[in-house]
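As a plain string of letters, each chain reads:
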Amino acid sequence: MPNIILLGPPGAGKGTQAKRLEDGRGMVQLSTGDMLRAAKTSGTEMGKRVAAVMDRGELVTDEIVIGLIEEKLTGAVGGGFIFDGFPRTLAQADALEALMAKVGQHLDAVVEMQVDDTALVARITGRFTCGGCGAVYHDVTRPTKVAGTCDVCGSHNMVRRADDNEESLRTRLMEYYKKTSPLIGYYHAKGKLVGVDGLAEVDAVSAAIAKVLDKT
Ligand code: AP5
């Protein structure tokens, strides 16, 4: 199965599409954001260290996230990884290449989800997720069928992220443009980059990603 990166600013739809690829194709989502939030919630030393940084919308250190990915990849059987929110810096991209080589895998494609900033504010401030299964919803564009109940697993535990506010989003976008967007040129130069219109309907974005996967 192919290994891909979903690359895009906060709210581009990376998590939404990664979940669909897990359900539809049995791929494996590796979201450093989810891993860091899990560490925060379970109160590990690392979780305590990164909590304030994440809430402000800044990037945590390369060392921490590379360590998290290394843990997941070491001993993983098979491929089909969807890297969601990783890499976010050139140092992370280099580390990923080395880690993949170490486990006998390679990267097949980098999907750049292209959106504009104005859409992101509405997407981020309306987002909530299911605390049970991680399904992603939106107050306006994708509400649950029954208010307060997850369509997928029936949980009533709906969660809003501490960094999903306009102030943190501004910092997250700045971090993206300063530190992550250089990866667009990096993967273009490697011949791995494919752009998809992230402003299209969720199904249309999924179809565009499916096309990329079918060509790998
Ligand atoms: P992370 O969890 O990775 O957050 P992010 O990159 O800011 O991305 P989001 O999860 O906010 O957005 P998304 O693209 O997944 O959008 P979604 O599908 O949910 O990172 C959080 C923090 O952790 C970082 O700020 C940093 O501190 C730290 N971190 C994580 N990884 C790191 C790393 N590698 N290095 C350093 N620090 C790291 O969609 C958003 C909303 O839009 C939803 O409500 C959804 O329903 C809706 N939506 C989705 N698609 C569509 C569509 N096509 N049309 C209409 N609505 C849509």
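Scope of this entry: the structure provided in the associated data block. (Residues numbered from 1 in each chain as written. Predicted model: local features only at pLDDT ≥ 70, side-chain atom pairs only at ≥ 80, totals over all residues. Heavy atoms only, no water.)

Focus on the site of the ligand
Taken together, 36 residues are adjacent to the ligand, and Thr16, Glu58, Arg88, Arg127 and Arg172 come closest. A distance of 2.9 Å separates an oxygen atom of the ligand from a polar atom in the backbone of Lys14. Take Ala200: an N or O atom from its main chain is 2.8 Å from a nitrogen atom of the ligand. Looking at the shell around the ligand, the elements with two or more residues in it are α1 (14–25), α2 (32–42), α6 (117–125), β6 (136–138) and α9 (202–215). Counting residues per element, the shell around the ligand draws most heavily on α2, which supplies four residues. Here the shell around the ligand is built from residues that sort into 15 nonpolar, eleven polar and ten charged. (Near = heavy atom within 4 Å. Polar contact = N/O pair within 3.5 Å; in protein donor to acceptor, adjacent residues only side chain to side chain. Helix = DSSP H or I, 4+ residues; strand = E, 2+ residues; numbered from the N terminus. Nonpolar A, V, L, I, M, F, W, Y, C, P; charged D, E, K, R; others polar.)

Quick notes on the packing of aromatic side chains
The relation between two aromatic rings is expressed through the spacing of the ring centres and the mutual angle of the planes. With the rule as written, the count across this model stands at four aromatic pairs. An angle of 80° between the planes, with centres 5.4 Å apart, marks the rings of Tyr176 and Tyr177 as edge-to-face. On the basis of relative accessibility, which here comes to 7%, the residue Tyr176 falls in the buried class. Of the residues examined, Tyr177 reaches a relative accessible area of 38% and is grouped as partly exposed. Residues Tyr186 and Tyr187 carry aromatic rings whose centres are separated by 4.9 Å and whose planes lie at 85° to one another, so their mutual orientation is edge-to-face. Overall, the relative accessible area of 3% leaves Tyr187 in the buried class. (Phe/Tyr/Trp six-rings, centres within 6.5 Å; stacked < 30°, edge-to-face > 60°. Buried < 20%, exposed > 50% of the residue type's maximum accessible area, 1.4 Å probe, protein only.)

A short note on the sheet that holds strand β7 (residues 158–159)
Read from one edge to the other, the open sheet built from three strands follows the order β6-β5-β7, with strand pairing classed as antiparallel. In the strand order of this sheet, the two ends are held by β6 and β7, each with one partner. Both strand β5 (residues 127–130) and β7 contribute to a ladder of two bridges, which runs antiparallel. Opposite Thr129, over in β7, you have Val159 as the bridge partner. (Pairing = 2+ DSSP bridges.)

A word on the packing of helix α4 (residues 62–73) against helix α5 (residues 90–102)
Between α4 and α5, whose axes approach to 10 Å, the crossing angle comes to 20°. Classified by the angle their axes make, α4 and α5 are roughly parallel. In terms of crossing hand, the pair formed by α4 and α5 is right-handed. Residue-level inspection shows Asp62, Val65, Ile66, Ile69, Glu70 and Leu73 of α4 in contact with α5, the latter providing Ala91, Gln92, Ala95, Leu96, Leu99, Met100 and Lys102. In terms of residue class, the contact of α4 with α5 is made up of nine nonpolar, one polar and three charged. (Axes fitted to C-alpha atoms, helices over the stretch in contact; angles between N-to-C directions. Parallel < 35°, antiparallel > 145°, perpendicular 65-115°, else oblique. Left-handed = near helix turned anticlockwise from the far one by under 90°. Contact = heavy atoms within 4.5 Å.)

Remember, this is a structural readout, not a statement about activity or role.
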